Amino acid sequence: MKRCFYIILMLMMLGGIGSLSAQSLNLERSTIFDALAETGAGKGDVVVNQSPAIEHMVGTRSGSNIERAENVTYIKTQGYRVQVFSGNNQRSSKDEAFRKENEVKEHFPEVHTYVTYNAPFWRLRVGDFGSHEQAYYLLRQLSDAFPKYGKEMYIVKEEVKIPVQHNQWDY
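Here we summarise the structure given alongside this text. None of these values were measured; they are calculated from a predicted model.

Our next topic: the pattern of salt bridges. Under the definition given, this model contains 7 salt bridges. Here Asp 128 and Arg 81 are joined by a salt bridge, their closest N and O atoms 2.7 Å apart. Residue Asp 128 is found in strand β4 (residues 121-129), and its partner Arg 81 is found in strand β2 (residues 72-87); the two are separated by 47 residues along the sequence. Using a relative accessible area of 13% as the deciding quantity, one classes Asp 128 as buried. You can call Arg 81 buried: its relative accessible area is 8%. Counted as one network, the salt bridges with shared partners bring together Arg 81, Arg 125, Asp 128 and Glu 158.

If you want it as structure tokens, here you go:
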């Protein structure tokens with residue numbers, strides 16, 4: 001009796017695994033319209049009426065993670081920056097953030113700087129790094145160049161723009 005129970009249990013598990021892998025293969029659709037048009041047991045019929053221009057636009061990413069600027073392609077990804085300044089004084093923080101940005105640009109012109117306002121804080125963040133080690137290297141350089149900012153500076157995790165390296169055969 002126990003043997004029959006185990007055999008039935010194994011067959012049910014194998015059947016469940018096979019159906020899961022088949023489902024995962026069938027779920028990949030190119031647009032929402034393809035997914036809606038999928039037929040099967042327990043699914044109703046869906047009819048979508050729209051202009052061909054809208055159907056053509058669906059499936060393209062409006063908020064893509066790839067950006068092009070000045071003949072350089074960037075990919076947006078989670079990475080690291082060095083926060084140089086953060087202040088919430090309504091009267092002076094904005095000016096201080098931009099003043100510190102100019103000082104950093106004078107010493108490190110090749111590094112990107114970002115002044116942002118997220119109420120109530122003005123922040124200056126520097127760099128676009130894929131690894132914590134790269135951000136730490138800049139943090140050490142900034143600490144040496146600006147010892148008076150040393151206690152305020154630290155590494156933050158944020159969405160960054162990393163340049164994509166192309167070889168001569170890429171188009």
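What follows is about the pairing of β4. Burial within β4 is extensive, with 8 of its 9 residues counted as buried. Direction of pairing for β2 relative to β4: antiparallel, over a ladder of 6 bridges. For Ser 86, the partnering residue across the bridge sits in β4 and is Arg 123. Note that strand β3 (residues 113-118) and β4 share 6 bridges and pair antiparallel. Counterpart to Tyr 114 in the pairing with β4 is Arg 125.

A few words on the nonpolar core. One finds Val 82, Val 84, Val 126, Leu 138, Leu 142 and Met 153 to be the most contacted residues of the largest nonpolar core, which totals 21 residues. Elements with a contribution of two residues or more to this core: β2, α4 (93-107), β4 and α5 (132-145). Excluding residues that lie within four positions of it along the chain, Met 153 makes contacts with Val 82, Gln 83, Val 84, Leu 139, Leu 142, Ser 143 and Phe 146.

Next up on the list: a nonpolar patch on the surface. Among the surface-exposed residues, Leu 36, Val 46 and Val 48 lie close enough to one another that they form a single nonpolar patch of about 210 Å² accessible area. Here Val 48 lies in the loop between α2 (32-37) and α3 (52-57).

With an omega of 0 degrees, the peptide bond between Ala 119 and Pro 120 qualifies as cis. Of note, Pro 120 is situated in the loop between β3 and β4.

Further remarks concern α5. The end-to-end C-alpha separation of α5 is 20 Å, in line with the 20 Å expected for 14 residues at 1.5 Å each. Among the residues of α5, those classed as buried are Ala 135, Leu 138, Leu 139, Leu 142 and Ser 143. The arc enclosing the buried residues of α5, seen along the axis, measures out at 140 degrees, which places them on a common side. Exposed residues on α5 whose side chains face more than 90 degrees from its buried face are Glu 133, Tyr 137 and Asp 144. Here the buried face of α5 lies against β2, α4, β4 and β5 (154-163).

For the structure shown, the criterion picks out 3 aromatic pairs. With a centroid separation of 5.2 Å and 20 degrees between ring planes, the pair formed by Phe 146 and Tyr 149 is classed as stacked. When its relative accessible area of 5% is taken as the criterion, Phe 146 is described as buried. Judged by relative accessible area, Tyr 149 falls into the buried class, the value being 3%. A cation over an aromatic ring shows up here: Arg 81 above the ring of Tyr 114, its NZ or CZ 3.7 Å from the ring centre.

Rules used throughout
Residues numbered from 1 in each chain as written. Predicted model: local features only at pLDDT ≥ 70, side-chain atom pairs only at ≥ 80, totals over all residues. Heavy atoms only, no water. Salt bridge = Lys/Arg side-chain N within 4 Å of Asp/Glu carboxyl O. Helix = DSSP H or I, 4+ residues; strand = E, 2+ residues; numbered from the N terminus. Buried < 20%, exposed > 50% of the residue type's maximum accessible area, 1.4 Å probe, protein only. Pairing = 2+ DSSP bridges. Core = buried A, V, L, I, M, F, W, Y, C linked by side-chain atoms within 4.5 Å. Contact = heavy atoms within 4.5 Å. Patch = residues over 30% accessible without salt bridge, like charges linked within 9 Å, V, L, I, M, F, W, Y side chains within 5 Å. Areas by Shrake-Rupley, 256 points an atom, 1.4 Å probe, with all protein chains shown as cover. Expected span 1.5 Å × (residues − 1). Arc of directions from axis to C-beta. Phe/Tyr/Trp six-rings, centres within 6.5 Å; stacked < 30°, edge-to-face > 60°. Lys NZ or Arg CZ within 6 Å of the ring centre and 35° of its normal.

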